[in-house]
Structures are given as structure tokens and as C-alpha cells.
Amino acid sequence: MAKQEDQFKKVISHAKEYGYIFQSSEIYDGLSAVYDYAQNGVELKKNIREYWWKAMVQMHENIVGIDASILMHPTTWKASGHVDAFNDPLIDNKDSKKRYRADVLVEDYCAKIETKIEKEVKKAQKRFGDSFDKEQFVATNPRVVGYQEKINTILSRLGKSLENEDLADVKTLIEELEIADPLTGSKNWTDVKQFNLMFGTQLGASADSSMKVYLRPETAQGIFVNFLNVQKTGRMKIPFGIAQTGKAFRNEIVARQFIFRMREFEQMEMQFFVKPGTQRKWYEQWKETRLKWHLSLGMGKDNYRFHDHEKMAHYADAAADIEFKFPFGFKELEGIHSRTDFDLKAHEEHSGKKLQYFDHEENKSYVPYVVETSIGLDRMFLAVFSKALQEEELENNTTRTVLKLPAVLAPTKAAVLPLIKRDGLPEVARKIVEDLKWDFNVSYDEKDAVGRRYRRQDAAGTPFCITVDHDTLEDNTVTIRHRDTMEQKRVKIEDLRTIIKKEVDIRSWLMKM
Ligand code: GAP
């Protein structure tokens, strides 16, 4: 656990030191769970967004994008259920005065049991070596089976109590499990209460005419209310999808895990409109497609898993998360939900407008069903960044800090370095930058010895360093150094573009899907 915390602290400080993420309004001591993306962070975030947009919109003939506004008519949120049901169960500790999400306290308790399972698996793996069968071990080892049964019992009771709005039982569960305030160890809890997560504000200046509006808590509703506009103007035929990326806002109670849970964050969502009755097929298909998208980035199959929901959101008939192994354990990265016709029907009822599709093959109109894929861009950023940050032991007994970002996502693709600051080398290096910048984000770096510059670029996540030396003046060749292997090759300046493109091009990465 302490090792995990150390690793997470390193992620946070590295993100600041290398210009990825700053605390918002830091000079005023920051604003809780709100962050700013710095010069490198904004590029990484943009590249993740593009990677998603290419895969989800531009590679699908039947998916189009929109960019709906953050403020929407307030009835939207009545119809979607957010005014009445977008609540978190919260509990206060009477001694520490700290506030927690009651369900998260219970889930964290289960995560600790899960860590015990992982330890047992590791021990057995060591003992049995190559002959170790993880699946069989997990299914048969009495201690592991016992742990798993305990987790299942707790989570199923939690799910039922929340579904039935039985908040008294959630408190009883916390007491029975003897869950203590993680900061102080106190078990002196208040009752569990519901808390609405939407941020409200006023639209208009005068007291009489102003209207209460909300900052959208999800981008999805902007898609639902535009469903018919897009379908008609785009002449879309079912099945088809509408995608968008954009900011969402939630007044999160527990917002302590850096950019994992923020109050202002960005979502990348796609609603796929299908014929009623076919939603399960599409749900399974999108689960598979989205996992493939994640795996295409090469961050290790073992770092992902599905978590099928027992407790559904108010709109879903099936739901699963793709969980990622963050520095603090497996947590939700993306949700895939079969949302039925709940949203479109609710908007029909509240607006009095028909939101139906005329199916020429069936010769009838219906309200389509929806399968949604929804991923937090900031959470994806954290997944990529935390996985990429590594300390490597080198052969000469030194270590290097390297940020092994997938090259397609790296903010700067190459740094061009003159070996020394004279003899015409800077001029040649500048010329290379001028040429490459048409195709890639590249930088120029002449300060310090070249070895230190390599380390700096490794830590910043730059996949290539291009060094201009005296031979360059003779034969128009440079060395190109790979961040991950540290291998250096002599290549012609005219070949640089092709060499870099091969490794950073979206096409070659997405082809792995
Ligand atoms: N439209 C469905 C929806 O909003 P959700 O599971 O509440 O579903 C989808 O959110 C994704 O948005 C999550 O999987 C997560 O990646 C991201 N997300 C949700 N709340 C977040 C927060 N407070 N901070 C950062 N990302 C968040």
C-alpha cells in the first residue's frame, strides 16, 4: 500500500515538474479537485482526444460528431433524472468532521480484501513457477475463494441497499464491517444522506426573469436532445452513433485522487442508436471494441478488466466498466451502458415533441434504444501517464526516469539537439526543426551536455532525440535516439520525417485494434 502511495505521489510531482498538470489557482492555494493542464499536458490531452475521435467518429461511416453547449434548458435534467436521482450517499465522521461517500468506504474495504487475493496469487506464482494456472488457483484455493465470497456478499448487499434507497442499512454495513475514518481511525459516523452532485447557477440578470440552470453533469444529454436534428440533417439510418467530447461538472464529495475524480472534467461519449431488441448484441460489441481501443495503445492486457454492474444507474438495463490498474488499484476508466429508450422517451414526455425514428424496412416508427460508451478524458490521461512513468536501472548502476508514453500520444515527438552551441551546428538543428514542425510537434534544445538533454527528454516523454554533430556538416546525417531502447542510429536528414511518421502515425496504432 505504501509503495502504491509513493508511486502515486511520484506521478503527481512528475506531472507538475515536467509541465503536464498544475493545481488550479495555485497562487491562492488551489481549488479542491480542480486542475489545469500545462504546456505538455494540453498536448497529451489533445492527442488522446484525437486518438478517440479518429477511432470512434472518423473511422465509422455511421457515427458523426457534435459539440453541444454546457448550459442546457433546465427541464433536460428533470427529464434525465439528474434532478431527482443524481445523488451520492454521503456520511460524515463526527470526530474528524470529514465527509465521505458511504459506498466508496465499503468499496475501499473490499479493495483491501482484493489486495490480499493478489498477494496470495503472487506467492503461489512464485511457488509453482511456469506450471502455475492462475484461473484454477483463484477458483479453488480455499483462502482466495473465502476472500472472494466475502467481497461478493458485501458488494451485493451494498448494491441492494442503494437500489432500495435503504440508507440505514448502508450505515449498518459500515458499522458491521467496523470501517473507520481512513484519516483518523474514528468509527463515530452520522447517518447516511443523499447529496445531489449538480452545480447550479442563474441564467439572466434580473431577479424576476432569471432561471436556475445547471452545468451539465454529463455530455450525453446534449446528444439525446439533438438526436432528431442529427438524424434528419445527416440522413442517418439506424444503427448510427453521435459522439462528442466536452466538459462536464460534478460537485464530487470525495475528490482526493488527483485528476481521477475532479469537479470539472472532460468526457468523450458516444450514443449508439439501435433497433429495440438488438441492444444486447450492440452492447457486447461495443464492450469488445472499446477494450480493443485501449489495448491498441500497448499498455498491457493485464492492466484492464471488465466489471459488470450489479447496481444499474436509473437508465440502464446492462452496464459494465472497463477498469484500469491505476497506482491506487483497479478503478473505473470507462463505462459502457445499455441505456434502453429511457432518455429519448423521457425527453418526449417532458418536451411534448416526438423523438422517433421511421424505420423504412419495418415500415413503422419507434423510439430507438441506446448503447453508450463513456470515458473520462482526464482519467484516460491519468491511466496513460501513470503507466508510462518508470524508473529504470541502467547497466552502469545508475537509474533514469523515463516517461514511456505511447509515441502516438506523446506531446513532443522529437527534440533536435546540436551537440555543441557553435561551429554552425545550431543553425543546422534549427533548419531540421523548421522542416519537421510542419508534420510533428518538435522542440529544440541546446542547453547542457547532450547526456543531460537526453535524460530531460526521456523524463518529458519525447520518443526521439535527433543529434546534429560535426559529421552532419560533412554528410547530412544525424543520430536518432529512441527513448525506450536508448538505441542510436545514424540516418539521413531527408529520411527523418518517414522514420518518425512510422512510429507516431495514428494509422499504424489503430491498425492494431
Ligand atoms: N453518460 C454516462 C456517464 O456520465 P459515468 O460513469 O458517470 O457515466 C463516465 O461517467 C466516465 O466519466 C467515467 O467512466 C469516468 O471516466 C469519467 N468521470 C466520471 N466522473 C468523473 C470525475 N468526477 N472526474 C473525472 N472523470 C470522471
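Our subject is the structure listed above.
Here goes a summary of the coordinates provided. Since the structure is predicted, the reported quantities are computational estimates derived from the model, not experimental observations.

The rules we used
Residues numbered from 1 in each chain as written. Predicted model: local features only at pLDDT ≥ 70, side-chain atom pairs only at ≥ 80, totals over all residues. Heavy atoms only, no water. Helix = DSSP H or I, 4+ residues; strand = E, 2+ residues; numbered from the N terminus. Rg over C-alpha atoms; globule rule 2.2 N^0.38 Å. Buried < 20%, exposed > 50% of the residue type's maximum accessible area, 1.4 Å probe, protein only. Phe/Tyr/Trp six-rings, centres within 6.5 Å; stacked < 30°, edge-to-face > 60°. Lys NZ or Arg CZ within 6 Å of the ring centre and 35° of its normal. Pairing = 2+ DSSP bridges. Axes fitted to C-alpha atoms, helices over the stretch in contact; angles between N-to-C directions. Contact = heavy atoms within 4.5 Å.

## Here's the deal with the overall build of the protein chain
Logical step 1: A count of helical and extended segments in the protein chain gives 18 helices and 23 strands.
Logical step 2: What you see for the protein chain is a C-alpha radius of gyration of 26 Å, in line with the 24 Å of a compact globule of 513 residues.
Logical step 3: Reported as C-alpha extents along the three principal axes, the dimensions of the protein chain are approximately 75 × 60 × 55 Å.
Logical step 4: Going through the 513 residues of the protein chain one by one, you find that 49% of them count as buried.

## Concerning the packing of aromatic side chains
Logical step 1: Tallying each qualifying case throughout the model produces 24 aromatic pairs.
Logical step 2: Ring geometry for phenylalanine 128 against phenylalanine 132: centres 6.4 Å apart, planes inclined by 5 degrees, an arrangement best described as stacked.
Logical step 3: Looking at phenylalanine 128, the relative accessible area reads 43%, which means it is partly exposed.
Logical step 4: Residue classification places phenylalanine 132 among the buried positions, given a relative accessible area of 16%.
Logical step 5: Among the aromatic residues, those joined into a ring-pair cluster are Phe8, Tyr35, Phe258, Phe260, Tyr304, Phe324, Phe326 and Phe328.
Logical step 6: Across the ring face of tyrosine 444, the terminal group of arginine 430 is positioned such that the distance to the ring centre comes to 3.7 Å.
Logical step 7: Over the ring of tryptophan 509 we find lysine 512; its NZ or CZ atom is 3.6 Å from the centre of that ring.

## Notes on the sheet that holds strand S23 (residues 488-492)
Logical step 1: Taken together, five strands build an open sheet; the order of strands is S20-S19-S21-S22-S23 and the sheet is mixed. With one partner strand each, in any of the chains shown, strand S20 (442-444) and S23 form the two edges of the open sheet. Along the sheet, successive strands turn relative to each other by an average axial angle of 25 degrees, direction set aside.
Logical step 2: Relative to S20, strand S19 (residues 414-418) runs parallel, the two being bridged by three bridges. Across the sheet, the residue bridging to alanine 415 is serine 443, located in S20.
Logical step 3: Seen against the sheet, helix H14 (residues 425-436) touches S19, S20, strand S21 (464-468) and strand S22 (477-482) and runs at an angle of roughly 165 degrees to S20.
Logical step 4: In the packing of helix H15 (residues 450-460) onto the sheet, the strands contacted are S19, S20, S21, S22 and S23, and the crossing angle to S19 comes to about 170 degrees.

What is shown is where atoms sit, not what they do.
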